[in-house]
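Notes for the structure review
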Amino acid sequence: MKKVIIIGFLGVIAYYLLSAFASVPFGADLIKGVKDFYLDKSPNDLKVANVVTSIVVNFRGFDTLGEVTVLFLASTALGSILYRRRSHDSGLNPQRTAPEASALVQTGAKVIFPFTIMLGAYIFIHGHLTPGGGFQGGAIIATGFLLMLVSYRKFFIEHNALTWIEAIAGSTFVILGLLGLVYANNHNFLENFLPAGKLNDLLSGGIIGIIYVAVGFKVGAEITGILDTLLTVKETGLDPEEN
Amino acid sequence: MQILNYIGYFLVSIGAAFLFLGGLGILRMPDLYTRLQAGTKASTLGAMSTILGIGFMQPEWMVKTIIIVIFIAIANPLSSHALARGSHKAHQLPYLKDENVGDAYEEEIENLQKNQKEEDK
């Protein structure tokens, strides 16, 4: 009897969903219109060479803000569960249980590390010109820090500095969006209010470049923080009584 | 220009041959260490030669290809060294036809540690 009622309810819901979706036009023509809009508007009005970036940061900038927030929440949740106050609070000297990497790996890591950071910075600074952007650049920067973390047992990251970088980068994103409410033509959140510049210039695309630099810093700091937290938990153990 | 092109073709074919041998080695070798040897030594030279050859074919990319070659020269042997050392520390045994050969690397490490202890005393 219960099952029959459930099936009946599902049928009613399915009927109304179907009738609602049946009234929405669907098909290739509609999508083609959206594509043409993006392909026409992004190089001509916004002067952004990378159409994907212009969609992600400008047309769907609010969505990207949500994604950055999700990453921030994940990093904060992980930190609040796993991160333990070290050195100055508990008196424990932070140490990793993993054995020391060999001298070759350490020297190589020292050589490669600055270039990894440079590549990441290049990718997020040129996010509106070349493939890639804030998320990718930030992830590359975090890879550089991971290389140093696994090579050197005494390489620790200052979590206060990471928090400040995250805070400044995140508020830059939101403040730029709010300034769009005041100064942009249509007074929309995250609308471009700076001069668009020339296509293929470094200083083009208005707020897109600035937002991607902020996103790059934020993602790099967050993933680095996550990696450091995960590696540091291993060394002191997860015993809460110990502290 | 034409000569540069031919040098490029030559380097790319050498690189392709070495990459093929590296892949064959990974497929045919019996254990981790010999596979690492085949995979890294052959593919380091293969990748470097292929990329340098492309630099000769397109002279405006030459600087970029040289930077990539330097990066491969630093990173590729390093990563194989780290992998081999890590797997030895994880007690990954090499393939031996004669069981009584012993582990020369382990003996070397033990000797080094003994010497260091004596020096400390």
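Residues numbered from 1 in each chain as written. Chains lettered and ligands numbered in written order. Predicted model: local features only at pLDDT ≥ 70, side-chain atom pairs only at ≥ 80, totals over all residues. Heavy atoms only, no water.

The helix and strand inventory of chain B stands at 4 helices and 0 strands. Counting from the amino terminus, helix and strand elements in chain B follow one another as α-α-α-α. Taken over 121 residues, chain B has a buried fraction of 21%. Accessible surface computed for chain B: about 8900 Å², of which carbon and sulfur atoms make up 65%. (Helix = DSSP H or I, 4+ residues; strand = E, 2+ residues; numbered from the N terminus. Buried < 20%, exposed > 50% of the residue type's maximum accessible area, 1.4 Å probe, protein only. Areas by Shrake-Rupley, 256 points an atom, 1.4 Å probe, with all protein chains shown as cover.)

Turning next to the interface of chain B and chain A. The partner chain A presents 10 residues to the 8 residues of chain B that form the contact. Summed over both partners, the interface of chain B with chain A buries about 610 Å², with 79% contributed by carbon and sulfur atoms. Inspection of the region where chain B meets chain A yields 0 salt bridges. Across the contact surface, chain B and chain A share 1 residue pair in polar contact (both at pLDDT 80 or more). By residue class, the composition of the side of chain B that touches chain A is 5 nonpolar, 1 polar and 2 charged. (Contact = heavy atoms within 4.5 Å. Buried area = accessible area lost by both parts, 1.4 Å probe. Salt bridge = Lys/Arg side-chain N within 4 Å of Asp/Glu carboxyl O. Polar contact = N/O pair within 3.5 Å; in protein donor to acceptor, adjacent residues only side chain to side chain. Nonpolar A, V, L, I, M, F, W, Y, C, P; charged D, E, K, R; others polar.)

With that out of the way, let us pick up the environment of Gly134 of chain A. All names here are of chain A. Within the secondary structure, Gly134 is located in helix α6 (residues 134-151). For the pair formed by Gly134 and Val215, sequence separation is 81 residues and the distance between their alpha carbons is 5.0 Å. Contact partners of Gly134, with chain neighbours within four places excluded, come to Phe124, Tyr212, Val215, Gly216 and Val219.

We now examine a negative patch on the surface. Residues and elements named next belong to chain B. Taken together, the side chains of Glu106, Glu107, Glu108 and Glu110 present a region of like negative charge at the surface. Counting through the fold element by element, Glu106 comes out in helix α4 (residues 104-120). For Glu106, a relative accessible area of 31% translates into the label partly exposed. (Patch = residues over 30% accessible without salt bridge, like charges linked within 9 Å, V, L, I, M, F, W, Y side chains within 5 Å. Lys, Arg positive; Asp, Glu negative; His and termini not counted. Charge placed at Lys NZ, Arg CZ, Asp CG, Glu CD.)

Below, the discussion takes up the side chain of Asn50 of chain A. Residues and elements named next belong to chain A. With respect to the element layout, Asn50 can be found in the loop between α2 (28-44) and α3 (51-59). The buried category is assigned to Asn50, whose relative accessible area is 13%. Those residues in contact with Asn50, other than ones at most four positions away along the chain, are Gly127, His128, Leu129, Thr130, Pro131 and Gly132.

As a further point, take the packing of aromatic side chains. Each pair of aromatic rings is reported with the distance of its centres and the angle of its planes. Residue and element names in this part refer to chain A. Under the counting rule described, the total for this entry stands at 11 aromatic pairs over all chains. When the centroid spacing of 6.3 Å and the interplanar angle of 45° are considered together, the rings of Tyr183 and Phe193 count as tilted. In this pair, Tyr183 is assigned in helix α7 (residues 159-183) and Phe193 in the loop between α7 and α8 (207-236), connecting sequence segments 10 residues apart. Three or more aromatic residues joined by ring pairs form one cluster here, namely Phe37, Tyr38 and Phe59. (Phe/Tyr/Trp six-rings, centres within 6.5 Å; stacked < 30°, edge-to-face > 60°.)

All names here are of chain A. Nonpolar side chains collect at one region of the surface, where Phe62, Val174, Leu178, Leu181, Val182, Tyr183 and Phe189 lie side by side and expose about 670 Å² of accessible area between them. With 5 residues, the top contributor of residues to the nonpolar patch is α7. By the element assignment, Leu181 lies in helix α7.

Further remarks concern the pattern of salt bridges. Residues and elements named next belong to chain A. Evaluated as defined, the whole model comprises 3 salt bridges over all chains. Across the pair Asp45 and Lys41 runs a salt bridge, and its minimum N-O distance is 3.8 Å. Overall, the relative accessible area of 48% leaves Asp45 in the partly exposed class. Judged by its relative accessible area of 30%, Lys41 is partly exposed.

Before going further, it helps to spend a moment on the confidence of the model for chain B. Of all residues in chain B, 100% have pLDDT values of 70 or greater, and the mean over the chain is 87. At the level of individual helices and strands, chain B shows its lowest average pLDDT in α4 of chain B, which scores 81, and its highest in helix α1 (residues 2-28) of chain B, which scores 92. (pLDDT = per-residue confidence, 0-100.)

For the rest of this paragraph, the subject is the packing of helix α5 (residues 103-125) of chain A against α6 of chain A. Residues and elements named next belong to chain A. It is at 8 Å that the axes of α5 and α6 come closest, and there the two elements cross at 170°. On the basis of their axis angle, the class for α5 and α6 is roughly antiparallel. In this structure, α5 crosses over α6, and the sense of that crossing is left-handed. The class makeup of the residues in the contact of α5 with α6 is 14 nonpolar, 9 polar and 1 charged. (Axes fitted to C-alpha atoms, helices over the stretch in contact; angles between N-to-C directions. Parallel < 35°, antiparallel > 145°, perpendicular 65-115°, else oblique. Left-handed = near helix turned anticlockwise from the far one by under 90°.)

Turning our attention to α6 of chain A. The terminal C-alpha atoms of α6 of chain A lie 26 Å apart, and with 18 residues this matches the ideal 26 Å at 1.5 Å per residue to within 8%. Inspection of α6 of chain A places Gly134, Gly137, Gly138, Ile141, Ala142, Gly144, Met148, Leu149 and Ser151 of chain A among the buried residues, and these make up the whole buried set. (Expected span 1.5 Å × (residues − 1).)

For α1 of chain B, built from 27 residues, the straight-helix expectation of 39 Å at 1.5 Å per residue is met to within 8% by its first-to-last C-alpha distance of 39 Å. Within the sequence span of α1 of chain B, burial applies to Gly8, Leu11, Gly15, Gly22 and Gly25 of chain B.

With that settled, consider the nonpolar core. Residues and elements named next belong to chain A. Val57, Phe173, Ile211 and Val215 are the most contacted members of the largest nonpolar core, which totals 14 residues. Listed by contribution, the elements that provide at least two residues to this core are α4 (61-82), α7 and α8. Among the elements that make up this core, the one with the highest residue count is α8 (6 residues). Excluding residues within four positions of it along the chain, Phe173 makes contact with Gly61, Thr64, Leu65, Val68, Leu190, Ile211 and Val215. One finds Ala142, Ile157, Leu162 and Leu227 within the second-largest nonpolar core, a separate group that totals 6 residues. (Core = buried A, V, L, I, M, F, W, Y, C linked by side-chain atoms within 4.5 Å.)

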